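Secondary and tertiary structure notes
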Amino acid sequence: MVKTVQPVKTYLVATLAALALAACNLNNAPSNAVTKVTVNPASASLTKAATKVFTVNVTGTGTYTKDVTWSSNNVAVATVDPTSGEVTAVSNGTATITATSTFDTSKTGTASVTVAGSNSVTGVTVSPATLSLQPGATDTLMATVQGTGSYATTVTWTSSNTGIATVSASGVVTAVSTGTAIITAKSTADSSKSAAAQVTVGNANSLARLTVTNLDGGPFPAWLSFNKIDRTKDGSTTIVQPSAAQHTISRVQLSNTGSDPLLVTPSVSGNFVLPDGVNQRTIAPNQSVTVSVQFTGSGSTVQTGTLTLTSTDPTKPSTSLKLAGAWQPTIESNPEPSTAQLINQVLGFKTVIPSGAAINEAGRVFAQGDEVISPYWQKADAAKAVNVWQIASYHTIDNPATLSWYARPTSKGSAAVKGIVASAGSDAQALFPRNNADLSKAARVDGTPPGKTFGFRVDGSEWSDPSFNLHNPDVNAGCTGPCGQHLRFFKAKDPSGAVMPNTYLLIMDYSGINYDYNDNIFLLSNLKPAPVLIDTGLGIDAASRGNVGVLAPDNNVWISDQYNYDFTPKGGVATVQTYKAFTPTEAYNEPNISNPCGADVPGTTNDVLYKTYRGNTSKATPDDRTLIYNVPLENGTYPVTLHFIDLYSSTVGQRVFDVTSGSTTLISNLDIFSKVGACAAYDQTVNVPVTNGVMNLTFKASADYPAIAAIEINRP
């Protein structure tokens, strides 16, 4: 017999393969498990005796059953059918309904059921929340009961101290003696629902006197402003509040300037708290206490409330202060408060500020709202300092911001800049940022400007003179010219809308960012706009950038009516452009030939103004011999002195022209030679209206060409 080995080997291999496959299948087989039980809906509100069927979704792996059993943790409130999931409301309260898997009792899902009777009280409110009375006086509190269905709206009234104030069954409060009592209204239908009011009783003959001082320093005594940011710039860390780098806390000082003890009870409404936790304060004569208010709100960019001070001062038993806070979710995030929100809603000014995208003129020099167009300024009272206060900062965090000023120069390169104040970089997203040199102080100083007429500069780049600023970002953003308006000034108006004398808001935006003008906001006091002094006909050299001017014997700098700026179009080559305040732009710098007159100009001490003029438009026909100036200014009527000289005429009638503004004739048939002869100064002051944000001056000749040597626009 011959034995064969191969079949045995084949059988063994097949057997081993089968066992391996079985093991593999065993390892990857479904586990037959319930993984999750979900009850729908997750919550419901029912009235007594009402029913609702809840459903369940059971998920798992492998083979499993989807059956559940239902149960209630509070059958006195709601019962549930153990198989169908139908819930029946029994009485007021809350119950948790649970669905438990029969396949795996460790897997459950839940829903919350709230039962309110069809006739139930849900709440009580009392108004007013505070009362201030003198002994013997009465006032009435009103209680409002809220609920569902049919319910009693009656309440019972009680006083926490009948020796201070009593209350009748109808809510009439009678003041008994000095002090504070809590008056409570409790629902007769549901004694768990109540509300209260605070009553402060003073003495009508008391000599206690309350004085309230805003320790922020203003801008307004009865207005407290705040800002709060919840998280760091990357959103990863919650900022611990109160934060020194944000203005989440404001303080008021309460002083008793009278001769009797003063009792004061502060309370707040809205998303604000009294962090010190002490409500009632007793202040001895000639003493003071400080009350802090903290902004705690989130969710809305601007939030408001009220600080109410109820006191025993018979002359003002109740004093209210406005509370307004600006909120952001993260540092440098949107929604960031806009300039209009900050100035109007949070800080309390009634200054007209363009809102939203309307403020974006891409740097165009143009007055909006209460804006004042003034590159240069002067003291309103020469004997007093200028007060400079940074009241808001919303730029890149950790970057300080420095405000400087400079005497009006004859060129940008000759400007001598002097620092005024710098705000702390840590406070770059805050109201009332601190002084970078001393964090215990505000970024607020009294300063003396470096000259009679001066401008401002923020950091090293943004000037109040638009001609000194970069125009390239503005033009590429759509500015049609003149451009460079990165610092803007607005008349300050108090909460009643009254103009604050000689006080202005300076808002600014760093060139080419987003033109929202809330990067830095300053309040400037003891200022007035400087006259606009234009020396026409001045030439400009190729090396100059920004306005150039001449220093006149009266120590005023008169600027040119044209200037150079650099411009690189998107994807293009850098070029030098020239902005001209006049049209036609080819009008000559005069005299374009030798000056026939001597060095001394009769009729003036400012000879330099009359050495140049503009007039020859290079047009041949009289109809085209019109020279037009358009000067951006806020609306109003301005006294304008026009400075004339005729260098070439030798007879009457040789040069004759009109001066108009829009449809208004300012000067008719002006013949300079007939007034003063040749080579002599002739000045005439006219009132020029501005109604569309631009002062128009049109010089139209009927003989030869017009001639204007200088334009002096004075502020009314």
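Residues numbered from 1 in each chain as written. Predicted model: local features only at pLDDT ≥ 70, side-chain atom pairs only at ≥ 80, totals over all residues. Heavy atoms only, no water.

**Points about the overall build of the protein**
Convention followed: Secondary structure elements follow DSSP: runs of H or I of four or more residues count as helices, runs of E of two or more count as strands, with numbering from the N terminus. Exposure is judged per residue with a 1.4 Å probe applied to protein chains only, and the accessible area is read against the type maximum: over 50% gives exposed, under 20% gives buried, and values in between give partly exposed. Pairs of residues are marked as contacts when any of their non-hydrogen atoms sit within 4.5 Å. Note on areas: Shrake-Rupley with a 1.4 Å probe; residue coverage comes only from the protein chains shown. His residues and chain termini do not enter the charge count, which takes Lys and Arg as positive and Asp and Glu as negative. A charge is said to be at NZ when it belongs to Lys, at CZ for Arg, at CG for Asp and at CD for Glu.
When its secondary structure is counted, the protein shows four helices and 55 strands. Referenced to the eigenvectors of the C-alpha coordinate spread, the extents of the protein come out at roughly 135 × 125 × 50 Å. For the protein, buried positions account for 47% of its 716 residues. Sequence separation of 24 or more characterises 67% of the internal contacts of the protein that already satisfy a separation of 6 or more. For the protein, the computed accessible surface area is about 30900 Å², with 53% contributed by carbon and sulfur atoms. Of note, the protein has its 44 positive side-chain charges centred 8 Å away from the centre of its 48 negative side-chain charges.

**Here's the deal with the state of the cysteines**
Cut-off, in case you're wondering: In what follows, a disulfide is any cysteine sulfur pair within 2.5 Å.
For the structure on display, the rule yields two disulfides. Across the disulfide from Cys597 sits Cys679; the S-S distance is 1.7 Å. Judged by the sign of its S-S torsion, about -70°, the bond between Cys597 and Cys679 is left-handed. Of the two residues, Cys597 sits in the loop between strand S48 (582-583) and strand S49 (626-632) while Cys679 sits in the loop between helix H4 (672-676) and strand S53 (682-690), which places them 82 residues apart along the sequence. Each bonded cysteine in the protein gets a number by its place in the sequence, and the pairs come out as 1-2, 3-4.

**Things to note about the sheet that holds strand S11 (residues 130-133)**
Using the following cut-off: Note on pairing: two strands pair once DSSP finds at least 2 bridges between them. Only the stretch in contact is used when a helix axis is fitted, and all axes are lines through C-alpha atoms; the angle between N-to-C directions ranges over 0 to 180 degrees.
An order of S11-S18-S17-S14 is seen for the four strands of this open sheet, with the pairing classed as mixed. The open sheet is flanked by S11 and strand S14 (155-159), the only strands paired with a single partner. Going across the sheet, the axis of each strand differs from the next one's by a mean of 20°, ignoring polarity. As paired strands, S14 and strand S17 (residues 179-187) are joined by five bridges and run antiparallel to one another. Following the sheet pairing, Ser159 is matched in S17 by Ile183.

**Side note on the sheet that holds strand S15 (residues 165-167)**
The three strands are arranged S12-S16-S15 in an open sheet whose pairing can be described as antiparallel. Of all strands in the sheet, those bounded by a partner on one side alone are strand S12 (138-140) and S15. Averaged over all neighbouring strand pairs, the angle between strand axes comes to 20°, with direction disregarded. Pairing of S12 with strand S16 (residues 172-175), which is carried by three bridges, proceeds in the antiparallel orientation. Its bridge partner being in S16, Asp139 is matched across the sheet by Val173.

**Concerning the nonpolar core**
Keep this limit in mind: In these notes, a set of buried Ala, Val, Leu, Ile, Met, Phe, Trp, Tyr and Cys residues joined through side-chain atoms within 4.5 Å is what counts as a nonpolar core.
Membership of the largest hydrophobic core comes to 33 residues, with the highest contact counts inside it found for Leu642, Phe644, Met695 and Phe699. Going through the elements one at a time, strand S43 (532-535), S49, strand S50 (636-644), strand S51 (656-661), strand S52 (664-670), S53, strand S54 (694-703) and strand S55 (710-713) are the ones with two or more residues in this core. Excluding its chain neighbours within four sequence positions, the residues that come into contact with Leu642 are Val659, Ile667, Tyr682, Asp683, Gln684, Val686, Leu697, Phe699, Ile708, Ala710 and Ile711. One finds Ala326, Leu342, Phe349 and Tyr394 within the second-largest nonpolar core, a separate group that totals 28 residues.

**Notes on the environment of Asn616**
Put simply, the rule reads: Between N or O atoms, a polar contact is any pair within 3.5 Å; within protein, one atom must be a potential hydrogen donor and the other a potential acceptor, and residues adjacent in sequence are included only when both atoms are from side chains.
With respect to the element layout, Asn616 can be found in the loop between S48 and S49. Of the residues examined, Asn616 reaches a relative accessible area of 19% and is grouped as buried. Spatially, the C-alpha atoms of Asn616 and Tyr504 are 40 Å apart, while their sequence positions differ by 112 residues. The contacts of Asn616, once residues within four sequence positions are left out, are Ala587, Tyr588, Glu590, Tyr705 and Pro706. Here Ser618 takes part through its backbone nitrogen, which lies 2.8 Å from a polar atom of the side chain of Asn616.

**Considerations on the pattern of salt bridges**
Opposite charge on two side chains permits pairing when their charged atoms draw close. Selection criterion: Salt bridges are identified by distance alone: a Lys or Arg side-chain nitrogen within 4 Å of an Asp or Glu carboxyl oxygen.
By the definition in use, this model includes 15 salt bridges. Across the pair Arg209 and Asp313 runs a salt bridge, and its minimum N-O distance is 3.7 Å. Pair noted here: Arg209 is in the loop between strand S18 (194-201) and strand S19 (210-214) and Asp313 is in the loop between strand S26 (302-311) and strand S27 (318-330), with a separation of 104 residues, a long-range link. The salt bridge involving Arg655 is made with Asp704; its shortest N-O contact spans 3.4 Å. Placement of Arg655 in the loop between S50 and S51 and of Asp704 in the loop between S54 and S55 is noted, with a sequence separation of 49 residues between them. For Arg655, a relative accessible area of 4% corresponds to the buried category. In this structure Asp704 comes out as partly exposed when scored by relative accessible area, which is 33%. Each member of the salt-bridge network shares a partner with another, and the members are Asp646, Arg655 and Asp704.

**A closer look at the environment of Gly136**
When you line up the elements, Gly136 lands in the loop between S11 and S12. C-alpha of Gly136 to C-alpha of Asp623: the two residues are 487 residues apart in sequence and 87 Å apart in space.

**Remarks on unusual backbone geometry**
Residue Pro242 is reached from Gln241 by a cis peptide bond, and omega for that bond is 0°. Here the amide bond leading from Thr583 into Pro584 is cis, since omega sits at 0°, within 30 degrees of zero. Locating Pro584 in the fold gives a position in the loop between S48 and S49. Backbone geometry at Ala49 places phi at a positive 75°, although glycine is not the residue there. Mapped onto the secondary structure, Ala49 falls in the loop between strand S2 (43-46) and strand S3 (51-53). Although it is not a glycine, Asp704 adopts a positive phi angle of roughly 55°.

**Describing the packing of aromatic side chains**
For clarity, the cut-off: Here the aromatic set is Phe, Tyr and Trp, taking the six-membered ring for Trp, and pairing holds for ring centres within 6.5 Å; pairs whose planes are under 30 degrees apart are stacked, those over 60 apart are edge-to-face, and all others are tilted. As a reminder, the over-ring test applies to NZ of lysine and CZ of arginine, requiring each to be within 6 Å of the ring centre and within 35 degrees of the ring normal.
Here the structure, examined in full by the defined rule, presents 21 aromatic pairs. With a centroid separation of 5.7 Å and an interplanar angle of 70°, the aromatic rings of Trp405 and Phe454 are classed as edge-to-face. Remark: Phe454 occurs in strand S37 (residues 454-458) and Trp405 occurs in strand S31 (residues 401-407); sequence separation between them is 49 residues. With a relative accessible area of 2%, Trp405 lands in the buried category. Relative accessible area serves as the criterion here: at 0%, Phe454 is assigned to the buried category. Here the aromatic cluster, defined as three or more aromatic residues joined through ring pairs, consists of Trp377, Trp405, Phe454, Phe456, Phe489 and Tyr504. Above the plane of the ring of Trp463 lies Arg457, whose end atom (NZ or CZ) is 5.0 Å from the centre. A cation over a ring is seen here: Arg488 above Tyr517, with NZ or CZ 4.7 Å from the ring centre.

**Describing the side chain of Asn564**
If you trace the backbone, Asn564 turns up in strand S46 (residues 562-567). From its side chain, Asn564 meets the backbone oxygen of Asp541 in a polar contact 3.1 Å long. Within the structure, Asn564 has its side chain in polar contact with the side chain of Thr578 (distance 2.7 Å). Dropping the residues within four chain positions of it, Asn564 is found in contact with Ile540, Asp541, Ala542, Ser544, Arg545, Gly546, Val576, Gln577 and Thr578.

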